[in-house]
Amino acid sequence: MSEIIGARQAQRRKTRRALLDAALLLLEEQSLGSLGLREVTRVAGVTPTAFYRHFRDTEELGIALVDEALQSLHGAVRSTLAASGDAAQRIDTTVELMAELVREYPGHIRFIVRERHGGVRRVREAVAGQLDAFAGEVAERLGADPLSAGWSPDDLLMLARLYVDHMVMTVSAYLAAGPEGGEWAAVTHTARRQLRLIHAGRLNWAAVQDDARGR
């Protein structure tokens, strides 16, 4: 009996994976709002009935893709926060992690970039919620850094959101650059310079705040 149950669970996981992969393939050329259930099941090689055993509709499938896609981004955020070395080394590590995400998960990254401001409200809200959660985690880690001594929670969260927004903007730029090549080098160069600018602002934020209060 246990073998039968195990086989059924394995088949269920396989079908779910096929549906997610089919959706990602179709979403290379279209948005989630235009994606049809029958399109997905045809590409996945399953029946529409099988679809409903896993998802109520394409919106729920989209939310599952958000969770799956942002797990990878979350891992990159954690790796970035844990990176050692001076500021220049941390910046290089951060940018390389973003490039690696696009190399390994182009379909997932494309989906998140497109649907972050897409027309499916529940999916858009799921992306926003996940990115806000990332920003909160980044803010917490930044608060433990000696460079953040004296920073308010609001300012830490503002800085964290800036880092998360920059990550999304950079992976989007890598995608837009097409196959890895010369244009990737330009994206890498720009991303590093932008992070250096953010870091310089961080170092001088206390002085800027003091000036603002003195006026």
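Criteria and thresholds
Residues numbered from 1 in each chain as written. Predicted model: local features only at pLDDT ≥ 70, side-chain atom pairs only at ≥ 80, totals over all residues. Heavy atoms only, no water. Helix = DSSP H or I, 4+ residues; strand = E, 2+ residues; numbered from the N terminus. Contact = heavy atoms within 4.5 Å. Areas by Shrake-Rupley, 256 points an atom, 1.4 Å probe, with all protein chains shown as cover. Salt bridge = Lys/Arg side-chain N within 4 Å of Asp/Glu carboxyl O. Buried < 20%, exposed > 50% of the residue type's maximum accessible area, 1.4 Å probe, protein only. Axes fitted to C-alpha atoms, helices over the stretch in contact; angles between N-to-C directions. Parallel < 35°, antiparallel > 145°, perpendicular 65-115°, else oblique. Left-handed = near helix turned anticlockwise from the far one by under 90°. Core = buried A, V, L, I, M, F, W, Y, C linked by side-chain atoms within 4.5 Å. Phe/Tyr/Trp six-rings, centres within 6.5 Å; stacked < 30°, edge-to-face > 60°. Expected span 1.5 Å × (residues − 1). Arc of directions from axis to C-beta. Polar contact = N/O pair within 3.5 Å; in protein donor to acceptor, adjacent residues only side chain to side chain.

Chemist: Break down the overall build of the protein for me, with residues and values.
Modeler: Summing up its helical and strand segments, the protein has nine helices and zero strands in all. Ordered by position from N to C terminus, the α and β elements of the protein give α-α-α-α-α-α-α-α-α. Excluding contacts between residues fewer than 6 apart, the proportion of contacts in the protein whose partners are at least 24 apart in sequence is 67%. Accessible area of the protein: about 12,100 Å², with a carbon and sulfur share of 53%.

Chemist: Residues and numbers for the pattern of salt bridges, please.
Modeler: Applying the stated criterion to the full structure yields 11 salt bridges. With a closest N to O distance of 3.1 Å, D92 and R192 form a salt bridge. Taken together, the residues D92 in helix α5 (residues 87–104) and R192 in helix α9 (residues 182–214) connect sequence positions 100 residues apart. Overall, the relative accessible area of 32% leaves D92 in the partly exposed class. A residue is classified by how much of its surface remains accessible, and R192, at 30% relative accessible area, is partly exposed. One salt-bridge network, held together by shared partners, links E96, E100, R103 and E180.

Chemist: Tell me about the side chain of S148, and please be specific about residues and values.
Modeler: Following the sequence through the fold, S148 ends up in the loop between α7 (121–143) and α8 (153–176). By relative accessible area, which is 5% here, S148 ends up buried.

Chemist: Which residues make up the packing of α5 against α8, and what are the values?
Modeler: α8 packs onto α5 with a crossing angle of 50° between their chain directions and a minimal axis gap of 9 Å. Taken together, α5 and α8 sit at an angle that is classed as oblique. Note on packing geometry: the crossing formed by α5 with α8 is right-handed. Seen from α5, the contacting residues are V95, M98, A99 and V102; seen from α8, they are H166, M167, T170, V171, Y174 and L175.

Chemist: Outline the nonpolar core, supporting the account with residue identities and numerical values.
Modeler: V40, L61, L65, V66, F111 and L131 are the most contacted members of the largest nonpolar core, which totals 56 residues. Mapped by element, the contributors of at least two residues to this core are α1 (2–26), α2 (37–44), α4 (58–82), α5, α6 (106–115), α7, α8 and α9. In terms of residue count, α7 provides more of this core than any other element does, nine residues in total.

Chemist: How would you summarise the packing of aromatic side chains if you had to cite specific residues and measurements?
Modeler: Taken as a whole and judged by the stated rule, the model has four aromatic pairs. Residues F51 and Y52 carry aromatic rings whose centres are separated by 5.7 Å and whose planes lie at 85° to one another, so their mutual orientation is edge-to-face. Of the residues examined, F51 reaches a relative accessible area of 0% and is grouped as buried. Here the aromatic rings of W151 and W205 are separated by 6.4 Å at their centres, their planes lie at 40°, and the arrangement is tilted.

Chemist: Now, about α5: what can you tell me, with residues and values included?
Modeler: If you check α5, its first and last C-alpha atoms are 26 Å apart, about what 18 residues at 1.5 Å a residue would give, namely 26 Å. Turning to α5, its buried residues number three or more, namely I91, T94, V95, M98, A99, L101 and V102. For α5, the buried positions fall inside an angular range of 155° around the axis, keeping them on one side. At the N-terminal boundary of α5, the capping side chain belongs to D86, with an oxygen 3.3 Å from the backbone nitrogen of A88.

Chemist: Got a sec to walk through the environment of H74? Specific residues and values, please.
Modeler: Position of H74 relative to the elements: it lies in helix α4. Considered as a pair, H74 and A133 are 59 residues apart in the sequence and their alpha carbons are 9.4 Å apart.

Chemist: Give a description of the environment of A44 that names residues and reports values.
Modeler: Looking at where A44 falls in the secondary structure, it is placed in helix α2. Separated by 26 residues in sequence, A44 and A18 have C-alpha atoms that sit 5.2 Å apart. If we ignore the near neighbours within four places in the chain, the residues touching A44 are A18, L19 and A22.

Chemist: An account of the environment of A87 is requested, with residue identities and associated values reported.
Modeler: By secondary structure assignment, the location of A87 is in helix α5. For the pair A87 and H199, spaced 112 residues apart in sequence, the C-alpha separation works out to 7.9 Å.

That is the geometry; function is a separate question.
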